[in-house]
Amino acid sequence: MKVCPEGLYVEPGGFYVDPVRPVERAVITHGHSDHARPGHANVLATSGTLAIMRQRLGEGAGGAQQALEYGEAIRIGDVTVRLAPAGHVLGSAQVVLEYNGSRVVVSGDYKRTFDRTCAPFEPVPCDVFITEATFGLPVFRHPPDLGEVRKLIHSLEIFPERSHVVGVYALGKCQRLITLLRAAGYDRPIYLHGALEPICKLYEGFGIALGELRPATVAVKEELKGALVMAPPGAVADRWARRLTDPVVAMASGWMRVRQRARQRGVELPLVISDHADWDELTQTLEDVGAPEVWVTHGREEALVHHATQRGIRARALALVGFEEEGA
Ligand SMILES: [Zn+2]
Ligand SMILES: [Zn+2]
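This is a predicted model, so every value here is computed, not measured.

Below, the discussion takes up the coordination of the zinc ion (ligand 1). Looking at the metal site, the zinc ion (ligand 1) is ligated by His 30 (NE2), His 32 (ND1), His 88 (NE2) and Asp 109 (OD), spaced 2.2 Å from it. In this structure, the zinc ion (ligand 1) is coordinated by four donor atoms arranged in irregular fashion, with angles at the metal of 89 to 166 degrees. In the primary structure, the donors to the zinc ion (ligand 1) are separated according to the pattern H-x1-H-x55-H-x20-D. The zinc ion (ligand 2) is placed at 3.6 Å from the zinc ion (ligand 1), the two being bridged by Asp 109. Residue His 30 is found in the loop between strand E4 (25-27) and strand E5 (42-45), and its partner His 88 is found in the loop between strand E8 (79-85) and strand E9 (93-99); the two are separated by 58 residues along the sequence. The same class applies to His 30 and to His 88, which are both buried.

Once that is clear, we can look at the domain arrangement of the protein chain. What the domain assignment reports for the protein chain is domain 1 (2-139 + 276-317) and domain 2 (145-271). On a C-alpha basis, the centres of domain 1 and domain 2 stand 29 Å from each other. Counting residues at the interface gives 20 residues for domain 1 and 18 residues for domain 2. Inspection of the region where domain 1 meets domain 2 yields zero salt bridges.

Let us look at the sheet that holds strand E16 (residues 248-252). Judged by pairing direction, the sheet is parallel, and its six strands sit side by side in the order E14-E13-E15-E12-E16-E17 without closing on themselves. Both outer strands of the open sheet, strand E14 (213-215) and strand E17 (269-271), are each paired with one neighbouring strand and no more. Averaged over all neighbouring strand pairs, the angle between strand axes comes to 30 degrees, with direction disregarded. Relative to E17, helix H2 (residues 145-158) is tilted by about 155 degrees, and along the sheet it contacts strand E12 (164-167), strand E15 (228-231), E16 and E17.

What counts and how
- Every chain begins its residue count from 1, and numbering advances along the sequence as written.
- Think of it this way: whatever chain is written first is A, whatever ligand is written first is 1, and the rest follow in order.
- Per-residue local features are limited, in this predicted model, to residues with pLDDT of at least 70; the limit for side-chain atom pairs, both in listing and counting, is 80 or more; totals at the level of whole chains, interfaces and linings are taken over all residues.
- For the side-chain quantities, the full set of heavy atoms in the structure was used; hydrogens and water were omitted.
- For Na, K and Ca the donor cut-off is 3.2 Å, while for other metals it is 2.8 Å, and in both cases only N, O and S atoms qualify; water is not among them, so sites may look incomplete.
- Labels for metal geometry use angle windows, namely 85 to 135 degrees for all angles of a four-donor tetrahedral site, and for square planar (four donors) or octahedral (six donors) sites opposite donors over 155 degrees apart plus all others within 65 to 115; sites meeting none of these are irregular.
- Numbering of helices and strands starts at the N terminus; helices are DSSP runs of H or I of at least 4 residues and strands are runs of E of at least 2.
- Note on exposure labels: buried denotes an accessible area under 20% of the residue type's maximum, exposed denotes more than 50%, and partly exposed covers the range between, all computed with a 1.4 Å probe on protein chains only.
- As used throughout, domain bounds are those supplied by an automatic or database domain assignment.
- Contacts are assigned to residue pairs with any non-hydrogen atoms lying within 4.5 Å of each other.
- By salt bridge we mean one thing: a side-chain nitrogen of Lys or Arg within 4 Å of a carboxyl oxygen of Asp or Glu.
- We treat two strands as partners when DSSP finds at least two bridges between them.
- Angles here are taken between N-to-C directions and fall from 0 to 180 degrees, while the axes themselves are lines fitted to C-alpha atoms, restricted in helices to the stretch in contact.

This is the structure we're talking about:
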């Protein structure tokens, strides 16, 4: 296992995991743009991730695409490769690598919270665990997601005249928030910015029920009064949302925990809903996989390295370039 400019390289297999530059052979953990880059010659991923890549990248999704479902094993070079659910977004996987009697697991992005839109994270005991650490500080503790969703439903009830525009990442957060709203009993139509529609259709194609969705045509202002509108985070801040009548601006993200971020983005109703493990989930996962060696990447490495070291785990920070988080 080597860190190259292209990304994490598995030498005895001759392939990369989530490389940031086009390579001959790539294993992709999930469809977010910081992991699924265009232009690889051969791509191995779950069928969910491949479908997402084809939709988002078109031709760039990869020359030859091979689907590997959770639990199936394949041999690449001298390495046995398996994918295990990561609980992050539809199709998201950890990469389980076996070579010479030892097992390395690359977590990709993951969370432990229950999410109706994807298979739950499966801890895989291993010798080396390479973990993300997007929210790798003890201050990050995500509140229960249904509580956050109830705040949104409550606001819709007390401001029945105002549109509620919720900023959500197109892949994952949008669909999870919709299923949470449905689970909390919100059964009115949900209006979608055009950029969110294709991925919702894709999720529905994979059997995730989202209830009634309608296009948020800003022209039909009357219809959007008191309605719930979802849009990408960028659109929420710009003129698109301001054309609505006196909207309540909300945003669903793990970063909403940081009040200053919410204020900077003009968010009136911050919803702390994250698709990444919080501090407790990260440390619990280190226990669950029981790896004597941990590499920490992709976020706030130092605190988790420190925590692991104190528990007698050999730990180090792995500097991987090119991960500007999408969908936190
Ligand atoms: Zn991700
Ligand atoms: Zn990521």
